[in-house]
Protein chains: 2
Amino acid sequence: MNAEIITIGDEILLGQIVDTNSAWIGQQLNLLNIRTQQITSISDSEQAITEALHAASLRADIIIVTGGLGPTKDDVTKQTISTFFGKPLVRDDKVLAHVKNLFNNLAPRRVLPEINYAQADVVEGCQVLFNDVGTAPGMLLTKNEKMFFFLPGVPFEMKFLITHRVIPILREQRSDQHIEHRHIITVGIGESFLAEKIKDIEESLPDSIKLAYLPKVGMVRLRLTQTAPSPVTIDFYHQQLIERLGTHVVADKDISVEQAIVEAFTKDKLKLAAAESCTGGRIASGITAIAGASAIFDCGIVAYHNRIKMQVLGVKAETLDTVGAVSEETVIEMAQGVKKLAHADYAIATSGIAGPGGGTPDKPVGTVWIAVAGKYETVTRLFHFRNDRSINIERTVANAYSMLWNLYVKEKEK
Amino acid sequence: MNAEIITIGDEILLGQIVDTNSAWIGQQLNLLNIRTQQITSISDSEQAITEALHAASLRADIIIVTGGLGPTKDDVTKQTISTFFGKPLVRDDKVLAHVKNLFNNLAPRRVLPEINYAQADVVEGCQVLFNDVGTAPGMLLTKNEKMFFFLPGVPFEMKFLITHRVIPILREQRSDQHIEHRHIITVGIGESFLAEKIKDIEESLPDSIKLAYLPKVGMVRLRLTQTAPSPVTIDFYHQQLIERLGTHVVADKDISVEQAIVEAFTKDKLKLAAAESCTGGRIASGITAIAGASAIFDCGIVAYHNRIKMQVLGVKAETLDTVGAVSEETVIEMAQGVKKLAHADYAIATSGIAGPGGGTPDKPVGTVWIAVAGKYETVTRLFHFRNDRSINIERTVANAYSMLWNLYVKEKEK
């Protein structure tokens, strides 16, 4: 069973928003063993929508369309869907009552603006996918045995409808095709060197098992995919790769590095803290985005100003005066300072010139010092990134996690 | 002149990465008045790539393809491109020398693994788009007067090639078609109420000017698009909308709310600080992601643990004991504490139950208190979000910015 995802809206094509919906939908479909074979983003014009619906129906069994169902006038989607299926729009009383009720419950209480009445219009004969968390209902329509799901583009409304309306329907239709995935998350080794290291294992894989390399900044994710039963199980190869890659392995499943750190530290009852200058809170917010992070994280200090580095973290004035804020000595004092303040077992500190301003001939934009203080020792590294601000921050965070992981593994082996 | 963007790679279809490349490319093309009319994500299979190239060439003049050019075996792209254009792959000496050189300059110095030699292969007759920042070169090929750009998928390599190789070529081809955009960023007013408020202006727009509503959590972006000359300029309507929307307007151009805050505070020589519990550093990292943020931001405290709230921010033990960490009193003391610590003019404080754990009958998941301390007064609000962790954090951040903006505008008018 194949699926295709269509997102409607100029804002994606203009690059004004990033399409995070499709990735999320792709994940959900994958869990049902439904293969997404294309994601298409189009303009909210009648022609583009009609063509995309037609093309998708030639390739896929399930077509999931998001966007173009808001209350304002830039939406032509419903009219186009109505024409595509040859059925008129009709006002759904139950949906209208729900929309009115949503506005009534606002504080302060408001009367439904007339512009929102049309939100209750649906294509005649569709199965209404009732939207408990917003005003735009979803719709399920069928044509030539292909299922078309139409959903609003607002992420949490879309997620609600996929979870509570679409998945239960698809679960029944679910094919019995065999698809299994296994993952390995690695840090501290580049894609090419990783490939050389596991070359013989990769070459020994049966035809039914494929290995993919999914590199991101500072890490590589490996994905094994099995598409048919094989004499040797996917778990055998998964285990072989994990053993070969040793301490580079952060996780044996598809989770983020942050999630892996939170899980490992929770299991080992360890606490992490962060003192951030150039990363400005990205490490703290990355770690605390993980559910359960409060078990391992008590405190993060974003110390942009030198006075804060001294006053809160205990960095010495002499250090800042003699070697400056972007220096090995400063990040060591920052890491040790926040570790003490937070009563933590491990602490990360970052200080650098993220750019575009602030560079000097001695310390150009992209110069970054990272320190990680552990239970027994403090390690430091100097980096020379030469990219833009956001990439410099991203690389600093990725390398900080990699350094933290290495020190954690090393000290654990003691 | 129309463009189409094709991204190759199972990882997008499986939802394992979000396609941020296409949004960025769409922005760059838009600045050249080149309209992106479709973004297509496909699997790295020969059939999918061939079909997508063919379909795109029927719709667009410019086809930009990213992904599928890495060093490892999951990439069939180059072979498929070679077949599509009916030209063999040839090894490019200049590219090979560059790739070898990149590995030589690594510290520790490394010899180029054999697997990377194929990175220097390009389709015969293509224009090589030389990649200074990575091992995979880009290629420009032409067929039936359509231009095909092939670029690696690693974001910063893709960005380098678009900026330094693709844009200079496209600039020459640029059509003279008239397309202009104007934007307004609003906070604190929902899409429907906003639409009612400006209904008469919207209805007075000439056919050549379109208004789009682009809602995000806690904000709505308005976009005026003019596609042909009109007797009244787009700036006239832009100004009318700005005047009508008054203090809801955070910016009159297409920037993030964070950027608007950094610009306004820089201009008015104001400093901002943040004391974050449930947002865990998201406000600090959002503000410091903006270039020049160091002019307005000195200090952010992520105080997950009550001891940190007391020790660093000066929250009273009595407050925490009697009303708890998620309370109006606590966020007031957090905001005033960090404002004093940072010597700031404005300070944001957040405390809440982001979930999924930690909820109680009195304070269920989604209960969030926000305080904003200003020059003259401190304002607070209680929210009851009932979504998942990441959405609760996102909504808290958006509402904190909206509260900050309102207080800033109010105090400025004094």
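Residues numbered from 1 in each chain as written. Chains lettered and ligands numbered in written order. Predicted model: local features only at pLDDT ≥ 70, side-chain atom pairs only at ≥ 80, totals over all residues. Heavy atoms only, no water.

### What to know about the overall build of chain A
Then, in step 1: The number of helices and strands found in chain A is 15 helices and 17 strands.
Then, in step 2: Counting all 414 residues of chain A, 58% fall into the buried class.
Then, in step 3: The contacts in chain A between residues at least 6 apart in sequence include a share of 66% that link residues at least 24 apart.
Then, in step 4: About 17000 Å² of surface is accessible on chain A, with carbon and sulfur atoms providing 50% of the total. (Helix = DSSP H or I, 4+ residues; strand = E, 2+ residues; numbered from the N terminus. Buried < 20%, exposed > 50% of the residue type's maximum accessible area, 1.4 Å probe, protein only. Contact = heavy atoms within 4.5 Å. Areas by Shrake-Rupley, 256 points an atom, 1.4 Å probe, with all protein chains shown as cover.)

### Observations concerning the domain arrangement of chain A
Then, in step 1: Domain assignment breaks chain A into domain 1 (2–173), domain 2 (180–251) and domain 3 (257–413).
Then, in step 2: One C-alpha centre belongs to domain 1 of chain A, the other to domain 2 of chain A, and the line joining them spans 37 Å. (Domains from an automatic or database assignment.)

### Quick look at the interface of chain A and chain B
Then, in step 1: Taken together, the contact between chain A and chain B spans 91 residues of the former and 91 residues of the latter.
Then, in step 2: A combined buried area of about 7200 Å² lies between chain A and chain B, and 57% of that area is made up of carbon and sulfur atoms.
Then, in step 3: In this structure, the connection of chain A to chain B is made through four salt bridges.
Then, in step 4: For Asp 10 of chain B, the salt bridge is made with Arg 223 of chain A, and the minimal N-O distance between the two is 3.9 Å.
Then, in step 5: Along the contact surface separating chain A from chain B lie 39 residue pairs in polar contact (both at pLDDT 80 or more). (Buried area = accessible area lost by both parts, 1.4 Å probe. Salt bridge = Lys/Arg side-chain N within 4 Å of Asp/Glu carboxyl O. Polar contact = N/O pair within 3.5 Å; in protein donor to acceptor, adjacent residues only side chain to side chain.)

### Some points on the environment of Asp 61 of chain B
Residue and element names in this part refer to chain B.
Then, in step 1: As for its placement among the helices and strands, Asp 61 is situated in the loop between helix H3 (46–59) and strand E3 (62–66).
Then, in step 2: Distance in space between the C-alpha atoms of Asp 61 and Ala 3 is 5.9 Å, their sequence separation being 58 residues.
Then, in step 3: Once residues within four sequence positions are removed from consideration, Asp 61 is found in contact with Met 1, Asn 2, Glu 145, Lys 146 and Met 147.
Then, in step 4: A distance of 2.9 Å separates a polar atom in the side chain of Asp 61 from the backbone nitrogen of Asn 2.

### Structural notes on the side chain of Thr 288 of chain B
Then, in step 1: With respect to the helices and strands, the residue Thr 288 of chain B is situated in helix H11 (residues 282–288).
Then, in step 2: A relative accessible area of 1% places Thr 288 of chain B in the buried class.
Then, in step 3: Polar contacts involving the side chain of Thr 288 of chain B include one to the main-chain carbonyl oxygen of Ala 284 of chain B, which spans 2.8 Å.
Then, in step 4: When near neighbours in sequence (up to four residues on either side) are disregarded, Thr 288 of chain B contacts Thr 279, Gly 280, Tyr 304, Arg 389 and Ile 393 of chain A together with Ala 293 and Phe 297 of chain B.

### Things to note about the relation of the copies chain A and chain B
Then, in step 1: When chain A is fitted onto chain B, the two copies agree to an RMSD of 0.1 Å after a turn of 180 degrees and an axial shift of 0.1 Å. Here the transformation between the copies is reduced to the relation of a two-fold axis.
Then, in step 2: Both copies contact each other with a shared surface, as 99% of the interface residues of chain A are interface residues in chain B too. (Least-squares fit on C-alpha atoms with pLDDT ≥ 70 in both.)

### Details of the pairing of strand E7 (residues 138–143) of chain A
All names here are of chain A.
Then, in step 1: Pairing geometry for strand E6 (residues 127–129) and E7, over three bridges, is antiparallel. Looking at the pairing, Leu 129 lines up with Gly 138 of E7.
Then, in step 2: Judged from the five bridges that link them, E7 and strand E8 (residues 146–151) form a sheet pairing that is antiparallel. Counterpart to Leu 141 in the pairing with E8 is Phe 148.
Then, in step 3: Counting the residues in the hairpin turn of E7 and E8 gives two residues, including Asn 144, whose phi is positive at 50 degrees. (Pairing = 2+ DSSP bridges.)

### Observations concerning the pattern of salt bridges
Between side chains of opposite charge, pairing is possible as soon as their charged atoms come close.
Then, in step 1: Enumeration over the complete set of coordinates arrives at 30 salt bridges over all chains.
Then, in step 2: A salt bridge links Arg 35 of chain A to Asp 10 of chain B; its shortest N-O distance comes to 3.8 Å. You can see Arg 35 of chain A sitting in strand E2 (residues 35–42) and its partner Asp 10 of chain B sitting in helix H1 (residues 10–13), one on each of two chains.
Then, in step 3: Across the pair Lys 316 of chain A and Glu 333 of chain A runs a salt bridge, and its minimum N-O distance is 3.6 Å. Of this pair, Lys 316 of chain A sits in the loop between helix H12 (306–311) and helix H13 (317–323) while Glu 333 of chain A sits in helix H14 (residues 328–342), and the two are 17 residues apart along the sequence.

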